[in-house]
Amino acid sequence: MIDFEFHSPTSLDEAFGLLDQYGDDARVMSGGTALVLMMKQRLAQPGHVIGLRRIPGLASVASDGNGAVRVGALCTQRQMETDPLIRQSLPLVADTYRKVATPRIRNMSTVGGGLVHGDPNQDPPPSLIALGASVVLSSKGGERIVPVEDLFIDYFETDVQPGEILTSVLIPQAPAGSGAVYLKFLPRTADDYATVSVAAIVDADESNNCRDVRIVLGASGVTPIRAKAAEDLLRQRPLTEENIRASAAAVIGEVDPLDDFRGSADYKRQMAEVFTRRAVTQSLAAGR
Amino acid sequence: MKLENRCLVPASVDKTWALLLDIPQVAPCIPGVQDVISDGENRFKAVMQVRIGPVRLNFSGTISVVEQDKEKGEARFHIEAADRRVGGSIRADLTMQITSISPEETEMLIVSDTVFMGKIGELGQPIIRRKANSTLQDFARNLAKQAQS
């Protein structure tokens, strides 16, 4: 690994000052699980690393009073899996974080760090997008709130601007009575990234008509992908097996996977359809 | 890695040809290319900043005009560049062929064959292919703008 200077600011203002001072040569670190690996491989070579651990107030989980939960960027992924408030009000989120890698990694990696890393294969983004979550990006000039759906711009590229730090995530609850699942297709090992993954939330009325639906795929393109055409084929329609099949088939045209050792692009497209069908069917059953 | 891109330049074939061989003018049409300076006959030095996924690369290298055949409307270029920090290099052969469509329109075919070496090669072909494709498309768009001005 190359030489670098490590900074431990104790306030956000101090961190913004360091970002200002070192600009492009600085990288922000929270858990470090992604950044340190990239530095070891020499793919990232910052001269200055700004650790956020000593800044107080960034690792709390709290209800915002309107049913949504505000999660500090430095909360570990393990915390997301075990926190009583998350388990009770956001079971989809707790279940999704439980599927990330291994407990050793989840104990180190953080919610905010994972999101700004911008890796399209990660587990949390599809579930957070399906729930309509937003991130708070703070800078010297103030705060701006960006929906997680708009955070990812390209492969490992996010909307986080120079001088900004992701400080918290606002996660609303799924509609009462809806069902939600996160499915991760893992043909290799249990701790791998998904070959494809799907988060689905289905809100159905008593007659099985779809009031609303969210379908978001991970590992299926250069960013997480919200399958809007597939959603439109279900919204305000009866949730019959035939309609669910037609909706899942539409996903093939919405994903744009990369060939890699987890499968060819064509195989991933087919699996995106299969796992969307399963995710919608299971969400419908879970909501009953 | 071989790529082929076609684009329409809104200028006559003569104007397009002149622009194509004016390397200090045309090279900055490639996103991230800057500081193009002459380095002998038909040879230029340039730097290019590019981001591929999580990696920021700073290439410095040379562009050489290998062949120019105005009759055929074909020019061949050779590019060699390296990033010392990340540790990787590229070598590219670029052929550009222009054909007149109308007095005000010229079609340009860009054929590139690029070899990636060192760390850059580890980033994975699919993602490099996408980046190279989008870079060539941006180049074509910028060149069209340049030709109009």
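Residues numbered from 1 in each chain as written. Chains lettered and ligands numbered in written order. Predicted model: local features only at pLDDT ≥ 70, side-chain atom pairs only at ≥ 80, totals over all residues. Heavy atoms only, no water.

A. Looking closely at the overall build of chain A. Looking only at helices and strands, chain A has 12 helices and 14 strands in total. Taking 2.2 N^0.38 as the reference for a compact globule, 288 residues should give roughly 19 Å; the C-alpha atoms of chain A span a radius of gyration of 19 Å, in line with that estimate. Judged by the C-alpha coordinates and their principal axes, chain A covers about 60 × 45 × 30 Å. Taken over 288 residues, chain A has a buried fraction of 53%. (Helix = DSSP H or I, 4+ residues; strand = E, 2+ residues; numbered from the N terminus. Rg over C-alpha atoms; globule rule 2.2 N^0.38 Å. Buried < 20%, exposed > 50% of the residue type's maximum accessible area, 1.4 Å probe, protein only.)

B. Layout of the interface of chain B and chain A. Listed as interface residues are 12 residues of chain B and, on the opposing side, 15 residues of chain A. Of the roughly 1,400 Å² buried between chain B and chain A on both sides combined, carbon and sulfur atoms contribute 54%. Considering only the surface of chain B that becomes buried against chain A, B:P54, B:R85 and B:R130 emerge as the three largest contributors, covering 41% of it. At the surface where chain B touches chain A, the tally comes to 3 salt bridges. Across the salt bridge formed by A:D24 and B:R56, the nearest N and O atoms sit 3.9 Å from each other. Connecting chain B to chain A are 5 residue pairs in polar contact (both at pLDDT 80 or more). Those elements that provide at least two residues to the side of chain B that touches chain A are β4 (55-69) and α3 (125-148) of chain B. Considered class by class, the residues forming the side of chain B that touches chain A number 6 nonpolar, 1 polar and 5 charged. (Contact = heavy atoms within 4.5 Å. Buried area = accessible area lost by both parts, 1.4 Å probe. Salt bridge = Lys/Arg side-chain N within 4 Å of Asp/Glu carboxyl O. Polar contact = N/O pair within 3.5 Å; in protein donor to acceptor, adjacent residues only side chain to side chain. Nonpolar A, V, L, I, M, F, W, Y, C, P; charged D, E, K, R; others polar.)

C. Representation of the sheet that holds strand β11 (residues 179-185) of chain A within the structure. Residues and elements named next belong to chain A. The 4 strands lie next to each other as β11-β12-β13-β14, forming an open sheet whose pairing is antiparallel. Of all the strands in the sheet, just β11 and β14 (225-226) have a single pairing partner and so form its edges. Where β11 and strand β12 (residues 196-204) come together, 7 bridges link them in antiparallel fashion. Paired with L183 across the two strands is V198, which belongs to β12. (Pairing = 2+ DSSP bridges.)

D. Local environment of the environment of B:E107. Residue and element names in this part refer to chain B. Relative to the elements of secondary structure, E107 occurs in strand β7 (residues 105-118). Separated by 71 residues in the primary sequence, E107 and V36 have C-alpha atoms spaced 26 Å apart. Not counting residues within four places of it along the chain, the set of residues in contact with E107 comprises R6, C7, L8, Q97, I98, T99 and I101. Here R6 takes part through its side chain, which lies 3.3 Å from a polar atom of the side chain of E107.

E. Inspection of the environment of B:D138 at higher detail. Residue and element names in this part refer to chain B. With respect to the helices, strands and loops of the structure, D138 is situated in helix α3. Measuring from C-alpha to C-alpha, the distance between D138 and P31 comes to 6.9 Å, with 107 residues separating the pair along the chain. Side-chain polar atoms of D138 contact the side chain of R141, separated by 2.5 Å.

F. Representation of the packing of aromatic side chains in the model. Residue and element names in this part refer to chain A. Evaluation of the coordinates by the stated rule reveals 3 aromatic pairs over all chains. By way of ring pairs, the aromatic residues F185, Y267 and F275 are connected into one cluster. Above the plane of the ring of F275 lies R278, whose end atom (NZ or CZ) is 4.8 Å from the centre. (Phe/Tyr/Trp six-rings, centres within 6.5 Å; stacked < 30°, edge-to-face > 60°. Lys NZ or Arg CZ within 6 Å of the ring centre and 35° of its normal.)

G. Spotlight on the pairing of β7(B). Residues and elements named next belong to chain B. The pairing of strand β1 (residues 2-9) with β7 spans 8 bridges and is antiparallel. Looking at the pairing, K2 lines up with D113 of β7. Strand direction decides the pairing type here: strand β6 (residues 88-102) and β7, joined by 14 bridges, are antiparallel. Each residue of the ladder has a partner; that of Q97, found in β7, is L109. Hairpin connection between β6 and β7: a loop of 2 residues separates the two successive antiparallel strands.

H. Spatial organisation of the packing of helix α5 (residues 91-98) of chain A against helix α8 (residues 124-131) of chain A. All names here are of chain A. Interhelical geometry of α5 versus α8 gives an angle of 170° and a closest axis separation of 9 Å. Here α5 is positioned roughly antiparallel relative to α8, judged by the angle of their axes. Touching L92, V93, T96 and Y97 of α5 are P124, S127, L128 and L131, all from α8. (Axes fitted to C-alpha atoms, helices over the stretch in contact; angles between N-to-C directions. Parallel < 35°, antiparallel > 145°, perpendicular 65-115°, else oblique.)

I. Examining the sheet that holds strand β3 (residues 43-52) of chain B more closely. Residue and element names in this part refer to chain B. An order of β1-β7-β6-β5-β4-β3-β2 is seen for the 7 strands of this open sheet, with the pairing classed as antiparallel. The open sheet terminates on both sides in strands that have one partner only, identified here as β1 and β2 (33-38). Sheet twist, expressed as the mean angle between neighbouring strand axes with direction ignored, is 25°. Packed on one face of the sheet, helix α1 (residues 13-20) meets β1, β4, β5 (74-83), β6 and β7 and runs near 165° to β6.

J. Local environment of the pairing of β12(A). All names here are of chain A. With 9 of 9 residues buried, β12 is to be regarded as a mostly interior element. Residues of β12 alternate between two faces, with V196, V198, A200, V202 and A204 on one and S197, A199, I201 and D203 on the opposite face, all of them buried. Sheet analysis places β12 next to strand β13 (residues 210-218), joined by 8 bridges and oriented antiparallel. Following the sheet pairing, A199 is matched in β13 by V216. In textbook terms, the turn of a hairpin is the stretch between consecutive antiparallel strands, and for β12 and β13 this stretch comprises 5 residues, one of which, N208, has a positive phi near 70°.

K. Region of interest: the domain arrangement of chain A. Under the domain assignment used here, chain A contains domain 1 (5-51), domain 2 (61-172) and domain 3 (179-287). Taken over C-alpha atoms, the centre of domain 1 of chain A sits 36 Å from the centre of domain 3 of chain A. (Domains from an automatic or database assignment.)

L. Main features of the state of the cysteines. Within this structure, the stated rule accounts for 0 disulfides over all chains. A disulfide-free cysteine, B:C7 has its sulfur positioned 10 Å from the sulfur of B:C29, the nearest such atom. (Disulfide = S-S within 2.5 Å.)

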